[in-house]
Amino acid sequence: MSMNLTPIGELLIQKQLVSGVDVERALQLQPQLGARLGQILIRIGAISEDNLLPVLAGQLEIPVLDEALLPTSAAVIEQAAQLGGISTGWLAEQGVVIWEGAEGAIECASANPLNSFVNETLSSSFTQHRLQWHFIRSRDVERMFNLLRADNLASAFSDEVAHLRELAEEAPVIELVNNTWAQAIDLGASDIHIEPEEHGFEIRFRVDGILTTKMRFGRDRFDAVVSRIKLISGLDIAERRLPQDGRISIRASGIDIDIRVSVIPGVHGESIVLRLLPKERKDFSLKKLGMEADHLEKFRQWIKEPHGIVLVTGPTGSGKSTSLYAALAEANDREKKIITVEDPVEYKMDGITQIQTHAEIEYTFARALRAILRHDPDIIMIGEIRDLETAEIAVQSALTGHMVFSTLHTNDALGAFNRLIDMGLEPFLVASSLRAVQAQRLVRRLCQHCARPVTEDEMLQSAPAEFSSQMQDLQQRFPALLASPAQWHHAAGCPQCQQTGYRGRVGIYEFVEVTTALQAAIVQRMPAHELNQLARRDGYRNLREDGLIKARNGMTTIDEVMRVTGLSNQVAG
């Protein structure tokens, strides 16, 4: 095998895949762990296997084998093993997959093709055959040997806590878990889902709001993976009947991240969801939220208000927290006392006092807010208004000269008024304390590498029937936003975006300012359609309309806007 003599650590640094500090740390650990440098870098979370293998392949001139070229039948691997007089159990222990290729060559695939013991054994077993080596990802090795396991119906491991701890500390399990986190970070995933099935389990990543399956493993690995995650997140390994929540701070793919861990029992075992929260968060900036010019101007005006409540509404995962953090960053001029009450504190911000609630000791939003009001705040941020008591304190704070930012779960901005009234607040208190409501969703951005421009006529062929009239209405109401030429695009798909056609997300928004006319309507509890008409006179547009403007400007597609806003978010007359 021919090699590039440049050390792998130096190559990785040259390609800016790891830092010199990471390589130095890995070299210090190497005598203790007795593993190759690349494996150690994966274990300490400095790099993912997906980023490491191409560099190793270039250094050693051994190709990385695409999973599509691997055998699809267990019989192919078994036949090659029998030909060389080798047991499949030995191959599984060594992490090597073999099969007979073209012209009598024996194809050999491993995450470590340089293992001298394996090389010598296979060479002596196949003296009449040429060995053709390939790099293969660890997850693909695991998948191959799942084909060979005839009995996947139950775990081979004991339920004893001591044994589970032992499994959790095994090097292959540590590498599998760490590599999963690293891959998720590389792809920009927000969540990792580990889901057990009857005969195995799968790992899915949520990227840009969409869940996709990334790995599948045999059932015999499941207990070890679950135990590893529970162990490092401080959860009870032996408890499998009740939900548990934990938190981990780790380094993966060269990034320091916090991970919120949620474990719930299911029919086939415990389901785990990991929410990834990078500590090295990019600066929160209103400009990066994707608001149109008129919305951005309004939001900045609301932030400067001396008192009142500004609500951000939307479902879980719609970017509400990011909008609030951006608002606080804008307001944080070091001349105001800003205090937040959150559950949990997702991102730490300089110059702001952030408070974490603890329901288990009855330190709730309401209890924390009462204490905050004695702490001389100018601006208060409440993670979420969940109940009447919290809503009442928020209103009291607003009416006594404080600016309050918070979130609320409603489908649209106009629904926030009735939601608060239904909680038990008097309509006149809602009308007098609320300054504005913002609703939002996240749509996927078009991939800049493969987006395909199309004409408006082409868009009309695939768009909903009402599309043309909606665009004409928007042109009349928001001429400044639609002054530039249209830039309609279709999503195509390329390696840069994992063939999805999209990369990253941008917000679509509804903004409702509580004017004098709207205050009177809230007090009289006018129906939603009348509130809508009042708001539209002051420049309100709904989520779909804002999404259509972004699609026209080349940021997303009509299909994506329709997917996120659904069929009910129609334009009101």
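Residues numbered from 1 in each chain as written. Predicted model: local features only at pLDDT ≥ 70, side-chain atom pairs only at ≥ 80, totals over all residues. Heavy atoms only, no water.

Engineer: Can you walk me through the pattern of salt bridges in this structure?
Structural biologist: Close approach of charged atoms lets side chains of opposite charge pair. Taken as a whole and judged by the stated rule, the model has 31 salt bridges. The residue Asp 50 makes a salt bridge to Arg 137 at a minimum N-O spacing of 3.0 Å. Highlighted residues: Asp 50 in helix H4 (residues 49-60) and Arg 137 in the loop between strand S3 (131-135) and helix H8 (138-148), separated in sequence by 87 residues. Exposure remark for Arg 137: the relative accessible area of 19% places this residue in the buried category. (Salt bridge = Lys/Arg side-chain N within 4 Å of Asp/Glu carboxyl O. Helix = DSSP H or I, 4+ residues; strand = E, 2+ residues; numbered from the N terminus. Buried < 20%, exposed > 50% of the residue type's maximum accessible area, 1.4 Å probe, protein only.)

Engineer: It is not clear to me how the UniProt feature "domain: Bacterial type II secretion system protein E" (unreviewed entry) in the protein chain should be interpreted in this structure. Could you clarify?
Structural biologist: Mapped onto the present numbering, the UniProt feature "domain: Bacterial type II secretion system protein E" (unreviewed entry) falls on residues 373-387. Taken end to end, residues 373-387 is 0% helix and 27% strand, and its first and last C-alpha atoms sit 18 Å apart. (UniProt positions renumbered as here; feature names shortened; annotations may be inferred.)

Engineer: Help me out: how do you make sense of the side chain of His 402 in this one?
Structural biologist: Inspection of the secondary structure assignment puts His 402 in the loop between helix H15 (388-399) and strand S14 (403-408). Here the side chain of His 402 touches Ser 397 through a polar contact of 3.0 Å, landing on its backbone oxygen. A distance of 3.3 Å separates polar atoms of two side chains, one belonging to His 402 and the other to Thr 400. Ignoring sequence-local partners within four residues, the contact set of His 402 consists of Pro 306, His 307, Gly 308, Leu 373, Pro 377, Asp 378, Ile 380 and Ser 397. (Polar contact = N/O pair within 3.5 Å; in protein donor to acceptor, adjacent residues only side chain to side chain. Contact = heavy atoms within 4.5 Å.)

Engineer: Before we go on, may I ask you to explain the pairing of strand S9 (residues 269-278) in this structure?
Structural biologist: Along a regular strand, successive side chains alternate from one face of the sheet to the other. Pairing between strand S4 (residues 189-196) and S9: 4 bridges, direction antiparallel. Within S9, the position partnered with His 193 by the bridge is Val 273. Turn length for the strand S8 (residues 255-266)-S9 hairpin, with the two strands adjacent in sequence and antiparallel, is 2 residues. (Pairing = 2+ DSSP bridges.)

Engineer: Would you take a moment to explain the packing of aromatic side chains for this structure?
Structural biologist: What describes a pair of aromatic rings is the distance from one ring centre to the other and the angle between the planes of the rings. Applying the stated criterion across every chain, the model contains 11 aromatic pairs. Centre to centre, the rings of Tyr 509 and Phe 511 are 6.1 Å apart; their planes meet at 85°, and the pair counts as edge-to-face. In this structure, Tyr 509 and Phe 511 share a single accessibility class: buried. An aromatic cluster of at least three residues, connected via ring pairs, comprises Phe 299, Trp 302, Tyr 509 and Phe 511. Looking at Arg 541, its charged tip hangs above the ring of Phe 478, at a distance of 4.7 Å from the centre. (Phe/Tyr/Trp six-rings, centres within 6.5 Å; stacked < 30°, edge-to-face > 60°. Lys NZ or Arg CZ within 6 Å of the ring centre and 35° of its normal.)

Engineer: I keep staring at the sheet that holds strand S7 (residues 244-252) and nothing clicks. Help me out?
Structural biologist: Backbone hydrogen bonds hold the strands of a sheet together, and the pairing may be parallel or antiparallel. Strand order across the open sheet formed by 6 strands is S6-S5-S4-S9-S8-S7, with antiparallel pairing between neighbours. The sheet terminates laterally at strand S6 (210-218) and S7, the two strands that pair on one side only. On average, each strand axis in the sheet is inclined to that of its neighbour by 20°, with strand direction left out of account. Bridge count for S4 against strand S5 (residues 200-207) is 7 bridges, and the pairing is antiparallel. Counted as the bridge partner of Asp 191 is Arg 206 from S5. (Axes fitted to C-alpha atoms, helices over the stretch in contact; angles between N-to-C directions.)

Engineer: I keep staring at the domain arrangement of the protein chain and nothing clicks. Help me out?
Structural biologist: Buried accessible area, meaning the area lost when the parts come together, often serves as the stated size of an interface. Splitting the protein chain by domain gives domain 1 (8-60), domain 2 (67-150), domain 3 (161-278) and domain 4 (286-444 + 505-542). With centres defined by C-alpha atoms, the gap from domain 2 to domain 4 works out at 59 Å. (Domains from an automatic or database assignment.)

Engineer: Hey, could you run me through the confidence of the model for the protein chain in this one?
Structural biologist: Predicted coordinates in areas of low pLDDT are best not read in detail. For the protein chain, per-residue confidence averages 88 on the pLDDT scale, and residues scoring 70 or more make up 94% of the total. Within the protein chain, the element-level pLDDT minimum falls on helix H9 (residues 161-168), averaging 70, and the maximum on strand S10 (residues 308-313), averaging 97. (pLDDT = per-residue confidence, 0-100.)

Engineer: Could you clarify how one ought to interpret the environment of Gly 234 in this entry?
Structural biologist: Relative to the elements of secondary structure, Gly 234 occurs in the loop between helix H11 (222-232) and S7. The class of Gly 234 is exposed, set by a relative accessible area of 66%. Between the C-alpha atoms of Gly 234 and Gln 244, which are 10 residues apart in sequence, the distance is 9.9 Å.

Engineer: What is the right way to look at the packing of helix H14 (residues 365-372) against H15 in this model?
Structural biologist: Packed helix pairs are specified by the crossing angle of their axes together with the interaxial distance, meaning the distance between the axes. Interaxial distance between H14 and H15 falls to 8 Å at its minimum, and their mutual angle equals 20°. In terms of axis orientation, H14 runs roughly parallel to H15. Crossing handedness for the pair H14 and H15: left-handed. Counting all contacts with H14, which are made through Phe 365, Ala 366, Leu 369 and Arg 370, the residues of H15 involved are Glu 389, Thr 390 and Ile 393. (Parallel < 35°, antiparallel > 145°, perpendicular 65-115°, else oblique. Left-handed = near helix turned anticlockwise from the far one by under 90°.)

Engineer: Sorry if this is basic, but what is going on with the pairing of S10 here?
Structural biologist: For S10, the tally of buried residues reaches 6 of 6 residues, placing the bulk of the element in the interior. Burial along S10 is two-sided: Gly 308, Val 310 and Val 312 facing one way and Ile 309, Leu 311 and Thr 313 facing the other are all buried. Examined bridge by bridge, S10 and S14 share 6 bridges and lie parallel to one another. Within S14, the residue paired with Gly 308 across the bridge is Met 403. When S10 meets strand S15 (residues 434-446), the two strands line up parallel, connected through 5 bridges. In the strand pairing of S15, Thr 313 is matched with Ala 439.

Engineer: Any chance you could explain the nonpolar core here in plain terms?
Structural biologist: Grouped burial of nonpolar side chains is what soluble globular proteins tend to show. Core analysis: the largest hydrophobic core is formed by 46 residues, its most contacted members being Ile 8, Leu 12, Leu 41, Leu 91, Ile 98, Leu 122 and Trp 133. No other element matches the 6 residues that H4 contributes to this core. Both domain 1 (8-60) and domain 2 (67-150) contribute no fewer than three residues apiece to this core. Every residue in contact with Ile 8, bar those within four places of it in the chain, is listed here: Leu 37, Leu 52, Val 55, Leu 56 and Gln 59. Formed by 42 residues, the second largest nonpolar core is a distinct cluster that contains Leu 434, Val 512, Val 514 and Ala 535. (Core = buried A, V, L, I, M, F, W, Y, C linked by side-chain atoms within 4.5 Å.)

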